[in-house]
Amino acid sequence: MPVLDLLQSETKRRLLRLMNRRGEITLNDALEKIDRARPTLRDHLDQMGRDGLVTRRSKREGRGRPSMCYRMTSRAERLFPRREGAVFAEFLAYLEEQGRDQLIEEFFQSFWDDRLDEVERRLPGSLKSADTRQIVDVLKAVLEEAGFMPEVRVEEDRVVVEECNCPFAEIIGATELPCASETCFYEALFGRVERTRHIPDGDEACAYELPVLQQQ
């Protein structure tokens, strides 16, 4: 069903606009801005989740029950066209024209180096001593925060990472440096990596197969 057909309710449209402005909201955030009862807003958010417009995660802050946080999926984000990607692509093209290719490469290396540092920072021990499950749990959180909408599963002999969204999708036509640096990122975590699907090739997601690590 087309997305617009799922948004006949003004309340749902207001919820999406609030998420678009803030990135992520809680039910209390919605109550502050939208004059509806708590059960009504929760029902709308649950329905939007079933329709594939909203994803949610639990967030614990101090004692008590964790809060549920809601954010738009890529399907819903298409209702709010943005120009950042196109402008970024023009900026990269300008740098290339000015002979600053090395600067572009360094930027994407730095981006993925920062993600690697964040994974290592969140692990309970060192990267070398961490097991597969520990790395996977932290990896998923870091990728989610960077906007990749990952789905990660650990199988008997491999780890499969599917990135359902690419923050660099609009610039891949200009440079594949983000993809090359991303491969190095996974190699640093798991030793080796095989990319089995690629959004620039027409696939719905980028997918990587990684080895299950042997505990040292």
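Preceding block: the structure.
Residue indices follow the written sequence of each chain, beginning from 1 at its first position. Totals for whole chains, interfaces and linings use every residue, but because this is a predicted model, local features are given only for residues with pLDDT of at least 70 and side-chain atom pairs only at 80 or more, for both listing and counting. Computation of side-chain values: all heavy atoms of the structure, hydrogens and water removed.

Q: Explain the overall build of the protein chain to me, using residue names and the numbers behind them.
A: Scanning the protein chain from N- to C-terminus turns up eight helices and seven strands. Here the C-alpha coordinates of the protein chain stretch approximately 50 × 50 × 30 Å along the principal axes. Each residue is placed in one exposure class: buried if its accessible area under a 1.4 Å probe, protein chains only, is under 20% of its type's maximum, exposed if it is over 50%, and partly exposed if it falls in between. Within the protein chain, the proportion of its 216 residues that are buried is 36%. Here, two residues are considered to be in contact whenever any of their heavy atoms come within 4.5 Å of each other. At a minimum sequence separation of 6, the contacts of the protein chain that also span at least 24 residues come to 49%. Placing the 34 positive and 42 negative side-chain charges of the protein chain at their respective mean positions leaves the two points 10 Å apart. Labels follow the DSSP assignment, with helices taken as runs of H or I lasting at least four residues and strands as runs of E lasting at least two, numbered in each case from the N terminus. Asp and Glu count as negative and Lys and Arg as positive, but His and the ends of the chain are not part of the count. To locate a charge, take NZ of a lysine, CZ of an arginine, CG of an aspartate or CD of a glutamate.

Q: For the packing of helix α6 (residues 101-122) against helix α7 (residues 132-145), give the residues involved together with the corresponding values.
A: Angles here are taken between N-to-C directions and fall from 0 to 180 degrees, while the axes themselves are lines fitted to C-alpha atoms, restricted in helices to the stretch in contact. Packing of α6 against α7 leaves a shortest axis separation of 9 Å and a crossing angle of 140°. Comparing their axes, α7 and α6 come out oblique. Crossing handedness for the pair α6 and α7: right-handed. In this structure, α6 uses W112, R115, E118, V119 and R122 to contact α7, whose residues at the interface are V138, L139, A141, V142, L143 and E145. Each residue gets one label: Ala, Val, Leu, Ile, Met, Phe, Trp, Tyr, Cys and Pro are nonpolar, Asp, Glu, Lys and Arg are charged, and the others, such as Gly, are polar. By residue class, the composition of the contact of α6 with α7 is seven nonpolar, no polar and four charged. Between 65 and 115 degrees an angle is taken as roughly perpendicular, under 35 as roughly parallel, over 145 as roughly antiparallel, and anywhere else as oblique. Less than a right angle of anticlockwise turn of the near helix away from the far helix marks a crossing as left-handed, whereas a clockwise turn marks it as right-handed.

Q: Account for the sheet that holds strand β7 (residues 206-211), naming residues and giving values.
A: Across the sheet, four strands lie side by side as β4-β5-β7-β6; this open sheet has antiparallel pairing. Of all strands in the sheet, those bounded by a partner on one side alone are β4 (150-154) and β6 (194-197). Within the sheet, the average angular offset between the axes of one strand and its neighbour, ignoring direction, is 20°. Where α7 meets the sheet, its contacts fall on β4 and β5 (158-163), and the angle it forms with β4 comes to roughly 175°. Set on the sheet, helix α8 (residues 177-190) makes contact with β5, β6 and β7; between it and β7 the angle comes to about 25°. Strand pairing is defined by DSSP finding a minimum of two bridges between the two strands.

Q: An account of the nonpolar core is requested, with residue identities and associated values reported.
A: The definition of a nonpolar core used throughout is a set of buried Ala, Val, Leu, Ile, Met, Phe, Trp, Tyr and Cys residues joined through side-chain atoms within 4.5 Å. By size, the foremost hydrophobic cluster in this structure holds 34 residues, and its most contacted members are L139, V161, F168, F185, Y186, L189 and F190. Excluding its chain neighbours within four sequence positions, the residues that come into contact with L139 are V119, V161, F185, Y186, L189 and F190. Core analysis: the second largest hydrophobic core is formed by 17 residues, L15, L18, L27 and V54 among them.

Q: Mind laying out the pattern of salt bridges, listing which residues take part and the relevant values?
A: Salt bridge, as used here: a side-chain nitrogen of Lys or Arg that lies within 4 Å of a carboxyl oxygen of Asp or Glu. Counted according to the given criterion, the structure contains 15 salt bridges. Between E10 and R13 there is a salt bridge, with the nearest N and O atoms lying 2.8 Å from each other. Taken together, the residues span about one helical turn, with E10 and R13 both in helix α1 (residues 10-22) at a distance of three residues. Look at R13 and you get partly exposed, because its relative accessible area is 30%.

Q: Can you lay out unusual backbone geometry for me, pointing to particular residues and giving the numbers?
A: With a phi close to 45°, M149 is a non-glycine residue in the positive phi region. Within the secondary structure, M149 sits in the loop between α7 and β4.

Q: Hey, could you go over the pairing of strand β3 (residues 67-72) for me, with residue numbers and the actual values?
A: Bridge count for strand β1 (residues 25-26) against β3 is two bridges, and the pairing is antiparallel. Following the sheet pairing, T26 is matched in β3 by C69. Bridging between strand β2 (residues 54-59) and β3 involves six bridges; their strand directions are antiparallel. Note on β3: the bridge partner recorded for R56 is Y70.

Q: I'd like a rundown of the pairing of β4, residues and numbers included.
A: Summarising the sheet, β4 and β5 pair through five bridges and their orientation is antiparallel. Looking at β5, one finds that R153 is bridged to V160. A loop of three residues connects β4 with β5, the two strands running antiparallel in sequence.

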